[in-house]
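Read off the chains here:
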Amino acid sequence: MDQLISIILPVFNEEAGIQTTIDTLLNYVEQQKERYELIFVDDGSKDRSIQIIEKSMNQYENIKLVKFSRNFGHQLAITAGLQYATGDAVVVMDADLQDPPEVIPKMIQKWHEGYDIVYGKRMQRDGETIFKKVTASAFYRIFKKMATIDMPLDTGDFRLMNRRAVNQLRKLHEQDPFVRGQVTWIGFKQTSVMYHRQERMAGETKYPLSKMIKLAVDGITSFSMKPLQLANIFSVVPIVSGIFSLGYLLISGTYSLASVGVTILLFTLGLLLLSVGILGSYLGRVLDQVNNRPRFIVSETEGFQERNIHHLHARQSQN
Ligand code: UDP
Ligand code: MG
């Protein structure tokens, strides 16, 4: 049986270019030996995107459409797509052809070599504003410093995942998922293929600054507890100043209301911040528990089946 590849395409107001995307993908899948299903997830588009996709469903039997009741956001559209995909491997890509389909066979090849997850790594980004490039690059580098997962730099949501990776992702139930982080988090064998990120072929970005900030905040708050511990670090300033102030008091021996008051105030502030930091540590544990991710993921087990080593022992002792 030929393998089935699901392609998930989140769509939000893409009427300007969605027809080209469909045509390009249909032309692509025709030339492949694998079978394909194209799953469009409409994230509450208010334009003609849905009609255009529906029309194309007469052209190719393996086009599927999941419609959201309103705009829930790109990450949840991907998450929904993963619930509906039935393929042996699943590819997620933008509906604006920024992620070229020609990269998919390279991903499939890596999958056949034994990798569970193959992400597209951007070596160049065309047609994106300097602002976007600089903020994206800064975000990934800050994220790397803060996060508990080692997310590869310069990767987005363009990637292939095999069935066992998708099944694990489907067990994550975060309310505001940061999918690329989740994918890193589940582990397994991961690798990348380099690609040249194209210019959006029509329409404009559906990621205004507000959505970019939300994505960045979701990413950091789902995979880093560091911000919760900031209060601990900040508490050092008043505590150290308090010690100096106390020292000054004792040495100079001038116990004015102001100097004693300032010393007490500094220590109080330090303790207050420290308490907030302690609360943060507990909150972090609560967050972890509420996220309810599996505590670990086993990729394989060995040696649990009955093995016939008695014969081996017998033979060895004869020699
Ligand atoms: N998208 C979505 N919901 C949103 C925003 C974007 O489903 O709220 C889709 C969009 O149609 C596109 C993909 O997610 O297929 C990535 O968005 P976009 O191309 O605008 O982001 P960029 O490539 O500019 O970062
Ligand atoms: Mg795009």
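Note that this is a predicted model, so its numbers are computed, not measured. (Residues numbered from 1 in each chain as written. Chains lettered and ligands numbered in written order. Predicted model: local features only at pLDDT ≥ 70, side-chain atom pairs only at ≥ 80, totals over all residues. Heavy atoms only, no water.)

Caption draft 1: View of a nonpolar patch on the surface. Together, F131, L209, I213 and V217 make up a nonpolar patch on the protein surface, roughly 370 Å² of accessible area in all. Considering each element in turn, the nonpolar patch owes the most residues, three residues, to helix 8 (residues 209-223). (Patch = residues over 30% accessible without salt bridge, like charges linked within 9 Å, V, L, I, M, F, W, Y side chains within 5 Å. Areas by Shrake-Rupley, 256 points an atom, 1.4 Å probe, with all protein chains shown as cover. Salt bridge = Lys/Arg side-chain N within 4 Å of Asp/Glu carboxyl O. Helix = DSSP H or I, 4+ residues; strand = E, 2+ residues; numbered from the N terminus.)

Caption draft 2: Quick peek at the packing of helix 1 (residues 18-30) against helix 2 (residues 49-56). Remark: helix 1 packs on helix 2, axes separated minimally by 9 Å, with the N-to-C direction vectors making an angle of 25°. Relative to helix 2, the element helix 1 is oriented roughly parallel. The handedness of the crossing between helix 1 and helix 2 is right-handed. In contact with I18, Q19 and I22 of helix 1, helix 2 contributes S49, I52, I53, K55 and S56. Broken down by class, the residue content of the contact of helix 1 with helix 2 amounts to four nonpolar, three polar and one charged. (Axes fitted to C-alpha atoms, helices over the stretch in contact; angles between N-to-C directions. Parallel < 35°, antiparallel > 145°, perpendicular 65-115°, else oblique. Left-handed = near helix turned anticlockwise from the far one by under 90°. Contact = heavy atoms within 4.5 Å. Nonpolar A, V, L, I, M, F, W, Y, C, P; charged D, E, K, R; others polar.)

Caption draft 3: Summary view of the layout of surface pockets. Looking at the largest pocket, its volume works out to about 900 Å³. The wall of the largest pocket is formed by 43 residues, among which K132, R197, T205, Y207 and M212 lie closest to the centre. For the lining of the largest pocket, the elements supplying multiple residues, two or more each, are strand 1 (4-11), helix 3 (74-84), strand 5 (117-125), helix 5 (130-146), strand 6 (155-162) and helix 8. (1 Å grid on protein atoms, 1.4 Å probe; cavity = no way out; pocket = protein on both sides within 12 Å on 5 of 7 lines; lining within 4 Å. Points joined across faces, edges and corners; volume = space filled by probe spheres on them.)

Caption draft 4: Inspection of the side chain of R200 at higher detail. On the secondary structure map, R200 appears in the loop between strand 7 (190-197) and helix 8. Reaching out from R200, the side chain makes a polar contact with the side chain of E14 at a distance of 3.0 Å. A polar contact of 3.2 Å, which involves the side chain of R200, links it to the side chain of D96. Excluding anything up to four places from it in sequence, R200 contacts E14, D96, Q98, T205 and K206. (Polar contact = N/O pair within 3.5 Å; in protein donor to acceptor, adjacent residues only side chain to side chain.)

Caption draft 5: Region of interest: the coordination of the magnesium ion (ligand 2). With distances of 2.0 to 2.1 Å, the protein atoms coordinating the magnesium ion (ligand 2) are D94 (OD), D96 (OD) and Q98 (OE1). Linear spacing of the donor residues for the magnesium ion (ligand 2) on their chain is D-x1-D-x1-Q. Assigned by exposure class, D94 and Q98 land together as buried. (Donors = N, O, S within 2.8 Å, 3.2 Å for Na, K, Ca; no water. Buried < 20%, exposed > 50% of the residue type's maximum accessible area, 1.4 Å probe, protein only.)

Caption draft 6: Examining the environment of F12 more closely. Structurally, F12 can be placed in the loop between strand 1 and helix 1. Residues contacting F12, with those up to four places away along its chain left out, are D43, G44, S45, N71, K206 and K211.

Caption draft 7: The environment of D176, seen in detail. For D176, the position within the fold is in the loop between helix 6 (163-169) and helix 7 (179-186). Given the relative accessible area of 37%, D176 is considered partly exposed. Distance from D176 to K214, taken between C-alpha atoms, is 9.4 Å for residues 38 residues apart in sequence. Sequence-distant contacts of D176, that is, excluding residues within four places in its chain, are made with K214, D218 and S222. A polar atom in the side chain of D176 sits 3.2 Å from the side chain of K214.

By themselves, these are just geometric observations and shouldn't be taken as functional.
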